[in-house]
Amino acid sequence: MLKLFHDLQQRDWRVQILMETLEQYNEQEVAIYGTGKHTEWLLDQIGQLVNKVACLLDRDENVEGERKFGLPVCKVEEAMASGIKAIVISSTFEQAIYERLQPVRQQGVEIIRLYSQKAISNGKKSVIKRMQMVARDSQYYTFVDRRKGQAQLAIILAGYKPYLWPFTLERLARYAPSNVDMCLVSSGLYSEELARWAERHQWSYLFTKINDVSLAQNLAIAEHKEAEWIFKLDEDIFVTDRYFQHLRLGYERILEEGLFHPGFVAPIINLNGYTYVEFLKALGLDQEYKRVFRELKYAANGIKCHSDPEAARWIWRHSLPLDEVAQKISDKPFDYSTVPHRFSIGAILFKREYWEQIGGFKIGAKEGMLGVDEEDLCQKCVELSRVMCVVHNVFCGHFSFFLQEEGMKEFLEKHKELFIMG
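This report concerns the structure included in the present document. (Residues numbered from 1 in each chain as written. Predicted model: local features only at pLDDT ≥ 70, side-chain atom pairs only at ≥ 80, totals over all residues. Heavy atoms only, no water.)

As for the sheet that holds strand S5 (residues 86–89)
Here comes step 1: On the basis of which strands lie adjacent, the open sheet formed by six strands has the order S3-S4-S2-S1-S5-S6 and mixed pairing. The sheet is open, and its two borders are formed by strand S3 (67–68) and strand S6 (110–112), each paired with just one other strand.
Here comes step 2: Looking at chain direction, strand S1 (residues 30–33) and S5 are connected through four bridges and run parallel. Among the inter-strand pairings, Val 30 is bridged to a residue of S5, identified as Ala 86.
Here comes step 3: Relative to strand S2 (residues 53–57), helix H3 (residues 37–45) is tilted by about 165°, and along the sheet it contacts S1, S2 and strand S4 (71–74). (Pairing = 2+ DSSP bridges. Helix = DSSP H or I, 4+ residues; strand = E, 2+ residues; numbered from the N terminus. Contact = heavy atoms within 4.5 Å. Axes fitted to C-alpha atoms, helices over the stretch in contact; angles between N-to-C directions.)

Quick word on the packing of aromatic side chains
Here comes step 1: Under the criterion given, the structure shown has 23 aromatic pairs.
Here comes step 2: An angle of 40° between the planes, with centres 4.7 Å apart, marks the rings of Tyr 289 and Phe 293 as tilted. A residue pair is termed a helical-turn pair when its members lie 3 or 4 positions apart in one helix, as Tyr 289 and Phe 293 do in helix H13 (residues 286–293) at four residues. Taken individually, Tyr 289 and Phe 293 each receive the classification buried, so the pair is uniform in this respect.
Here comes step 3: Within the aromatic cluster, the residues linked to one another by ring pairs are Tyr 163, Phe 167, Phe 238, Trp 316, Phe 399, Phe 411 and Phe 419.
Here comes step 4: Across the ring face of Trp 197, the terminal group of Arg 200 is positioned such that the distance to the ring centre comes to 4.7 Å.
Here comes step 5: Above the ring of Trp 229, the side-chain terminus of Lys 351 is found at 4.5 Å from the ring centroid. (Phe/Tyr/Trp six-rings, centres within 6.5 Å; stacked < 30°, edge-to-face > 60°. Buried < 20%, exposed > 50% of the residue type's maximum accessible area, 1.4 Å probe, protein only. Lys NZ or Arg CZ within 6 Å of the ring centre and 35° of its normal.)

So, the layout of surface pockets
Here comes step 1: Quantified by volume, the largest pocket comes out at close to 1,000 Å³.
Here comes step 2: Surrounding the largest pocket, 36 residues form its lining, Lys 161, Asp 234, Asp 236, Leu 370 and Gly 371 being those nearest its centre.
Here comes step 3: Among the secondary structure elements, those contributing two or more residues to the lining of the largest pocket are strand S9 (180–186), strand S11 (229–234) and helix H18 (372–383).
Here comes step 4: Here the residues of the lining of the largest pocket are counted per class, giving 14 nonpolar, 13 polar and nine charged. (1 Å grid on protein atoms, 1.4 Å probe; cavity = no way out; pocket = protein on both sides within 12 Å on 5 of 7 lines; lining within 4 Å. Points joined across faces, edges and corners; volume = space filled by probe spheres on them. Nonpolar A, V, L, I, M, F, W, Y, C, P; charged D, E, K, R; others polar.)

Some points on the state of the cysteines
Here comes step 1: On inspection of all chains with the given rule, the structure shows zero disulfides.
Here comes step 2: With no disulfide partner, Cys 305 has as its closest neighbouring cysteine sulfur the one in Cys 396, 13 Å distant.
Here comes step 3: On the basis of relative accessible area, Cys 305 is assigned to the buried category, the value being 0%. (Disulfide = S-S within 2.5 Å.)

Section: unusual backbone geometry
Here comes step 1: A cis amide bond links Leu 320 to the next residue, Pro 321, at an omega of -5°.
Here comes step 2: Structurally, the position occupied by Pro 321 is in the loop between helix H15 (309–317) and helix H16 (322–330).
Here comes step 3: Despite not being glycine, Gln 202 shows a phi value in the positive range, around 60°.
Here comes step 4: Take Gln 202: it is sitting in the loop between helix H9 (192–201) and strand S10 (204–208).
Here comes step 5: Phi is positive for Arg 242, close to 65°, though the residue is something other than glycine.

A short note on the packing of helix H7 (residues 117–137) against helix H10 (residues 213–223)
Here comes step 1: At a minimum axis separation of 10 Å, H7 and H10 run at an interaxial angle of 100°. As judged from the angle between their axes, H7 and H10 are roughly perpendicular. For the pair H7 and H10, contact is made by Ile 128, Met 131, Gln 132, Ala 135 and Arg 136 and by Asn 218, Leu 219, Ala 222 and Glu 223, respectively.
Here comes step 2: Of the residues belonging to the contact of H7 with H10, the class tally is five nonpolar, two polar and two charged. (Parallel < 35°, antiparallel > 145°, perpendicular 65-115°, else oblique.)

Some details on the pairing of S11
Here comes step 1: The buried fraction of S11 is high, at five of six residues.
Here comes step 2: Bridge count between S11 and strand S15 (residues 347–351): five bridges; the pairing is antiparallel. Within S15, the position partnered with Lys 232 by the bridge is Ile 348.

Concerning the nonpolar core
Here comes step 1: The biggest cluster of nonpolar side chains holds 112 residues, and the ones touching the most others in it are Tyr 243, Phe 264 and Phe 343.
Here comes step 2: Take this core: its biggest share by element is eight residues, from strand S16 (residues 387–398).
Here comes step 3: When neighbours within four sequence positions are excluded, Tyr 243 is seen to be in contact with Phe 231, Leu 233, Pro 267, Ala 347, Ile 348, Val 394, Phe 395 and Cys 396.
Here comes step 4: Grouped together as the second largest cluster of nonpolar side chains are 24 residues, Leu 49, Leu 71, Val 73 and Val 88 included. (Core = buried A, V, L, I, M, F, W, Y, C linked by side-chain atoms within 4.5 Å.)

Notes on the environment of Ala 266
Here comes step 1: Mapped onto the elements, Ala 266 comes out in strand S13 (residues 262–269).
Here comes step 2: In contact with Ala 266, not counting residues within four places along its chain, are Leu 247, Phe 343, Ala 347, Ile 348, Cys 389, Val 390 and Val 391.

Here we look at the side chain of Glu 94
Here comes step 1: With respect to the secondary-structure elements, Glu 94 resides in helix H5 (residues 94–100).
Here comes step 2: Relative accessible area serves as the criterion here: at 5%, Glu 94 is assigned to the buried category.
Here comes step 3: Once residues within four sequence positions are removed from consideration, Glu 94 is found in contact with Ile 89, Arg 113, Leu 114, Tyr 115 and Ser 116.

A short note on the pattern of salt bridges
Here comes step 1: One pass over the structure, following the stated rule, counts 18 salt bridges.
Here comes step 2: The partner of Asp 236 in a salt bridge is Lys 161, with the nearest N and O atoms 3.2 Å apart. Placement of the pair is Asp 236 in the loop between S11 and strand S12 (237–238) and Lys 161 in the loop between strand S8 (152–157) and helix H8 (165–175), with a sequence separation of 75 residues. The same class applies to Asp 236 and to Lys 161, which are both buried.
Here comes step 3: When the shortest N-O distance is used, the salt bridge between Glu 413 and Lys 416 registers 3.6 Å.
Here comes step 4: Among the residues examined, Lys 416 registers a relative accessible area of 34% and is labelled partly exposed. (Salt bridge = Lys/Arg side-chain N within 4 Å of Asp/Glu carboxyl O.)

Description of the side chain of Ser 186
Here comes step 1: Among the structural elements, Ser 186 can be located in strand S9.
Here comes step 2: A polar side-chain atom of Ser 186 sits 2.9 Å from a polar atom in the side chain of Tyr 205.
Here comes step 3: Excluding anything up to four places from it in sequence, Ser 186 contacts Ala 158, Gly 159, Leu 194, Tyr 205, Leu 206, Phe 207 and Thr 208. (Polar contact = N/O pair within 3.5 Å; in protein donor to acceptor, adjacent residues only side chain to side chain.)

Laid out in structure tokens, this is it:
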């Protein structure tokens, strides 16, 4: 079943628009303008829906009257006489053809473009809606709906680290503003304990039968149609006071400055391959860390901040008490930096329009694949010039990376009192 969602998401927006157009009409009611390779490719993608196509259109007299790709080639006038109700433009000369077809449009024939910005946007939105519809009809997810219809949404991926919930979810319960819809999201499992957390705090809860974090996140965002601002958090993130308000303010100030258009923004996170350096610098600890661990380098992997349990413990010793450290960082003037490499997306903020622009978080080809969403999100930022930014006066904690988890569990057991909020 996951392959179906994967294939749906990978479907080209042009194919999606054509298929949705054909589904609206009866057989022989749609014509395609263009007889080149682009049209051949489109026809090859739509399967049995090709029966809805009456003919191909072309101004070239050399192909008029022929059959191409199994369809007759006609003039527009002939197609109109046969009763077509829609024309899909399949050509790189779309704008010129669209202008040429305006008299036909005025006669009530729908003209469909595949390359306008509106068409691209609608095509990608349609793919997301189709995934949601298939998942809902197949009962592959359950949504316990406690939405308040807010413009801000926080989705919290949770289900696999219950030992952290008394710390991380409790912080969310204290610091989440009332104007943020909260939704716990479990990929591939249902947790009775999480369901109780959600009910107690009047949060929504979405869980899927399929273990794919991208699919689960996409469904959660799709269910919150009013949400324009999306906070994404993992269950091992420790938010701090005014985290939500200050991170959004940072995003808005970057936009106002005008140098960059963010794909997403993130706070300073103590355990993160980019922001740990900024965290240490903010507290004047960067040179001490370098002396102890013989390393101070920005990187998405291959560094001790990612793999060494002792490095994680050292950083956390200097992160506690968390709220006091957060206050020191939030007292600093607004500043931000751009990320030059892949970024760990455990705590980010992005806008719905960017999520729609990239067609949602990328779904893996197999269940349980981790990092697919992160890799694709960062790659899309580069491709679309939507910059990854870190806001330097917002702070949160990240418990550990995988290789550090057991060592950090021991640290947590010894220092629980420091992790508990006062």
